[in-house]
Amino acid sequence: MDEKETISQIHQKQREWEKQRYSKAIQENPERKQKFKNLSEMEIKNIYTPEDIKDLKYLKDIGFPGEYPFLRGVHPNLYRGRLWTMRQFAGFGSAEETNKRYHYLLEHGETGLSVAFDYPTLYGYDTDHPLARGEFGKCGVAISSLVDMELLFHGIPLDKITTSMTINGPAAIIWAMYIANAENQGISKEKIGGTIQNDILKEYIAQKSYIFPPEPSMRLIVDTFEYGYKNVPKWNTISISGYHIREAGSTAVQELAFTLGDGIEYVKAAMNRGLMIDDFAPRLSFFFNAHNDFFEEIAKYRAARRIWAKEMKGLGAKKPRSLWMRFHTQTAGCTLTAQQPEINIVRVTMQALAAVLGGTQSLHTNSMDEALALPSEKAVRIALRTQQIIAEESGVTSTVDPLGGAYYVEWLTEKMEEETYKYFDKVQRLGGVIPAIEKGFFQREIAESAYRYQKETDENQRIIVGVNRYTLDEKPSIPILKMDEKGEERQIHRLQKLRKDRDNPKVQRHLQQLRKAATGDENLMPFILDCIHSYATLGETCDVLREVFGEYKEQAIY
Amino acid sequence: MKKIRVLVAKPGLDGHDRGAKIVARALRDAGMEVVYTGLHQTADQIVNTAIQEDVDVVGLSLLSGAHMTLFIDVAVLLKEKKMDDVLIVGGGIIPEEDVPALRKAGIAEVFGPGTPVDDIVRYIKKNVKR
Amino acid sequence: MTELSKKVIDGDQRSIARLITLVENNAADAVETMKKIHSHTGNAQVIGVTGVMGSGKSSLIFELALAYRAEGKKVGIIAIDPTSPFSGGALLGDRIRMTELSTDDGVFIRSMGTRGMMGGLTGALYDVVEILDAAGMHVILIETVGVGQDEVDIVKIADTTLVVLVPGLGDSVQTIKAGLMEIADIFVVNKADKPGVEQTIAELESMLDLVGHLDHRTPIVATSAKNKKGIKLLTSKITEHQEYLKKSNAFEIRRRQRYEAELVEIIRKRLMDFIFDEKKLKTTVDSCIDQISKKELDPYSAADQILGKILR
C-alpha cells in the first residue's frame, strides 16, 4: 500500500465528507459550543483521521511497551501480569486511629499503604508546638516521633507491603523514622519498599509545605537519593509530582511540563553532586493527577513517558530502568463537589479509568465526601471498590495501551509533548527551574489558569453538575468522619513522657552531630537516623536544620 | 472616594491558597482594596493587620479542617479589640454542621466549595457595616 | 475630632488607621484633625525605597525595619501597590514579606493603592506621612509601586531615597530610566548573593563618574536581604546622608520642597473637588467639555471660563 497516496486520498475524501455530510449535520444539529476545548485550551476538532498523525512512525515514535520510547508503557504485559497497586491515601488524628484505618483498607483489598500527615507534621512541628494549635490530626495523622511511627504500623508486615508517604519538607526525617521502625522490627533496610514524596520544587510552586530554602532542600534530597540507592534499594526516594500543581489550578500541559521540568532539575542536581545517573534514576518515580478531560489525561500520561525517556537518554542514562517513567495517580480532588456528594463517585470512576488506560502503576481514588471532610469508612470503601470493579469487571486490563493508535489520542499525545517542550524552552530562558521559581513564573502561570477556570465556571461556560446546572436545593446528608477527641491529649502525653524517659544526653549529642554535619556537606541521613533511633522528636530534629538552613518565605503572586 | 477594604487571611498552617488568591483577585476586580496576608498567619497577626489596615471585612480561608479553633480565635480576638464594625466571613472545607457554631462566634457567612465568586462580592457589598 | 488627634499623637494604632482611611477617602472630617496634628510632625526620618519589580524591596524594608527596631526606634511602613485603572480595586500584597512585624507594636504597616493618582504616589501619601510622624514614628519607610518612571516622584516626599537594583535582572544599569538614577541618594544592589554583582556595581560607578556629583557622591551598598547581609552598612549610609543633609542646609531645602509639594497637592485636590462638585462647577465643566468635543470651544478658553469663576 502506498502510504502517501492513502493520506491524500483520505484528505480528499474528508473534504467531500465535510461539504456533503458534515455541513448538513451541523445545520440540523448546530454545535453546542463555539469552540470545543480541552482543559489546556487546545481546540478539539470534530473528527481525527490518519492524516492528523501522518508523520508518526509506529516503530520510532510509538513502539512497544517496555522499549524506548516507552510511549505505550514501561512494562511489556502491564496489568495482565500485575494489576496497579491500589493505594489509598489515608491518615487522621492519632497514630492508633490511622493504624485502624490501614487495617480496614488492607482487609478490604488495598494492596499498598499511603500515609497522609497532619499540617504540624508536614511542617516539622511536634503536636505541642504553639503553631500546631487546632491542627492536630485534622488533615492527616500526627507523627512527632519514632514512638508514633511504631503505633502507626502496628501489626503491619513492612517486608510484605510497600508504603508511600506524602511528606516533603521533613521527608528525610520521616523516612528515617520508617527505616528505624522497620529495623526495630527486625526488618533490614534492603527489604523495605515504598516511596517518600520528597519533591520540594513543587512545594514552592504549588503545595506550599516547604520548610527550608531551595539550596539546602535540594541538598537533603540528593542525600536521600544517595543513601537510598546504596542502602535502601527497593525505595523510591522521590515522587516527582504534578498532582498538586494541577490542584492549584494549572492546565494539563502545565502539570506535565512543570513536573517533568522539576524531575530533570533533580537529576541534574544529583549529577552535579557526582552521582551516576544509572545509579539513582531507576528509583525516581512520579505522581500525576487524573482530572476531568478523559482523553487529555490519557494523552498526558503517554506523552510523559516518552518525554522522560528522551530526556533521560539525553542526559546519558544507559540502563533501561533509568528511562522508565513510573507513576502513581490520584483522581482530582479539586473536581469534587460539596453539592450532591454521591455523584462524586461517578467523577472518580471516570478519572480512575483514564489513569488505568494511561498505564498507571499505582492509584488512589478519592472518596465522595472529600469536599466536606476526610473520608468516612464507607466512602473510602466505595472508592476502593471503584478500582476493583475497573480491574475485575471492565475488561480494560486485557491489553496494554488500548488507546494506542487511536487518531485522536495519538494526535493529542503529540500536541502535549509539543506544548511541553515550549514550556521547557521558556524556563530555560528564565535561567532554569529555581530562578523561574524565584521570578514567580510557575506560580503566575498557575494563578492565571486557576482564575480563568473560575471565571469560566462562574459565567457558565463550564458546567459543573450540581453546582451551576442540575442543582438541588437540599443540603447534603451523608455521615461525616468524626475523630477521637481525646487523640490530641494522648499524643501530647506521649510526647511529654517520651521527652522524660529517653536518654536525653544521647539525644542532645546526636542533635549536635547533626547540626555540625549540616553545616558541612556530608550525607545527613546517617546523622538523622541516629537522632531518630535515640528518640529525638520530629520538631527537635527539624529545629536543628531550621537553625542551619534558615526558613523559606514566599512572595505574593496571584 | 470610599473603597471597601478587605483582608484575605490564611490562618494556621494550611498551604492551600488557590481559593484565597482567586477571591482576592475577584474582589479587586470588583473595585475593592484587598490586603492579602500570605500563609501561616496567627490570630494575633491577622487581627493586628486588620487594625492597621482599617479593613471593613476580614475573610478567612481554610481547607485543613482546623477552622473551629482558628476561625473562632480570630473572631474572639477581633471582639476583644472592639472591632465590632468589621464583617467576618469564611471559606474553604467547612462541613455544614460546623456553620452554626461559627456564626455564633461572629463569622457572618461561610462560603463553601462551589460558591461563585460573584456571590461573595455581592454579599460583601450588601453587608459591609460601614 | 480632638479626641482623634490626641489618640493619634499618643500612638493608638486603631486611631492612626482610622485617620489614614479618612484622608484616603478625602473626608471633610479629616481636615480638622490634620490641622491639629501638624505641629507634632517633623521628627520622623522619611526613607523612600524604589526600584524595579523583583528587586526585593519588601524584603529589604523588612530587614531595615528590624535593624531600626533593634536601635529602639519606632517604624512606620507604607507599602504602595497599583490600583487597577479598570476596576478601581487593588491587590495589596507587600505585607506578605513582613508578617513577623505585624505583632510588633513599635511598627505600623499600612498598605495603600495608588488610587489613580499620577506619579505612582497617592494624593493622600503626604497626609499619611504626617500622621505616622505625629504618631511618634522615628523612621517612615515608603515602598513604591516599582513600575519605573513614576518612582521619580518619591523624591518629593522622602528625605533619603534608595534606588534598589538587582544584578542580572535583564535590565542593566543603562536601561534603567535616567530619572530613576538621578533621584537616588543611595544605590542598593540587592540579592548580592547572585552572580553579576560586581558588574552592576562597576556600571553604577562609571555612570556616577559621568554624571559627576559636585559635593556628595552617591554611595552604593550591596545587600542580600534574604541573608541579612549589608543591612548595617545601609543604615549607616542612611544616617550619613541625613547628617550630610542637616549639615549642608540641603535638609531644609528638601523639607521646604516637600511642604511645597504637599501644599500644592492639597490646593489641587480642593480645586478639583470644587470644580467637579455637582453643586458647584461640574455642570459648567460638563458643558464646556461638550462644546470642546463639538469644536465650538477650545480647551484653553474653557479653562479661562472655569477658572474665571473661581479666581475672581
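Quick caveat, the model's predicted, so the values are computed rather than measured.

All names here are of chain A. Pairing within the open sheet is parallel, and its 9 strands lie in the order β5-β4-β3-β2-β1-β9-β8-β7-β6. Strand pairing shows two members of the sheet lacking a second neighbour, β5 (235-236) and β6 (238-241), which therefore form its edges. Here strand β7 (residues 284-290) pairs with strand β8 (residues 327-331) via 5 bridges, running parallel. Looking across to β8, one finds that F287 is bridged to H328.

Right, let's talk about the sheet that holds strand β4 (residues 87-92) of chain B for a bit. An order of β5(B)-β4(B)-β3(B)-β1(B)-β2(B)-β3(C) is seen for the 6 strands of this open sheet, with the pairing classed as parallel. In this open sheet, the two strands that pair with only one neighbour each are β5 (109-111) of chain B together with β3 (90-92) of chain C. For this sheet, the mean angle separating the axes of adjacent strands, direction not counted, is 20°. Relative to β4(B), strand β3 (residues 57-62) of chain B is paired through 6 bridges, and the arrangement is parallel. What sits directly across from G59(B), in β4(B), is V89(B). Packed on one face of the sheet, helix α3 (residues 67-80) of chain B meets β3 and β4 of chain B and runs near 165° to β3(B). Contacts from helix α5 (residues 117-127) of chain B reach β3, β4 and β5 of chain B, with the element oriented near 165° to β4(B).

Let's shift gears to the side chain of S94(A). Residues and elements named next belong to chain A. Along the chain, S94 turns up in the loop between β1 (85-90) and α4 (95-107). Look at S94 and you get buried, because its relative accessible area is 0%. Residues in contact with S94, not counting those within four places in the same chain, are F136, V141, G487, R490 and R494.

Moving on, we come to the interface of chain C and chain B. Contact residues are listed per partner, giving 28 residues for chain C and 30 residues for chain B. Taking both sides of the interface into account, the surface hidden between chain C and chain B amounts to around 2,500 Å²; carbon and sulfur atoms contribute 45%. For the chain C face of the interface with chain B, the top three residues by lost area are R14(C), L91(C) and R95(C), together amounting to 23%. For R115(C), the salt bridge is made with E33(B), and the minimal N-O distance between the two is 2.8 Å. Summed over the shared surface of chain C and chain B, the number is 22 residue pairs in polar contact (both at pLDDT 80 or more). If you list the elements that add at least two residues to the side of chain C that touches chain B, you get α2 (13-24), β3 and β4 (107-113) of chain C. Per-class residue counts for the side of chain C that touches chain B are 8 nonpolar, 13 polar and 7 charged. As paired elements, strand β2 (residues 33-36) of chain B and β3(C) share 3 bridges and run parallel to each other. Bridge pairing in β3(C) places V34(B) opposite L91(C).

Cut-offs used in this document
Residues numbered from 1 in each chain as written. Chains lettered and ligands numbered in written order. Predicted model: local features only at pLDDT ≥ 70, side-chain atom pairs only at ≥ 80, totals over all residues. Heavy atoms only, no water. Pairing = 2+ DSSP bridges. Helix = DSSP H or I, 4+ residues; strand = E, 2+ residues; numbered from the N terminus. Axes fitted to C-alpha atoms, helices over the stretch in contact; angles between N-to-C directions. Contact = heavy atoms within 4.5 Å. Buried < 20%, exposed > 50% of the residue type's maximum accessible area, 1.4 Å probe, protein only. Buried area = accessible area lost by both parts, 1.4 Å probe. Salt bridge = Lys/Arg side-chain N within 4 Å of Asp/Glu carboxyl O. Polar contact = N/O pair within 3.5 Å; in protein donor to acceptor, adjacent residues only side chain to side chain. Nonpolar A, V, L, I, M, F, W, Y, C, P; charged D, E, K, R; others polar.

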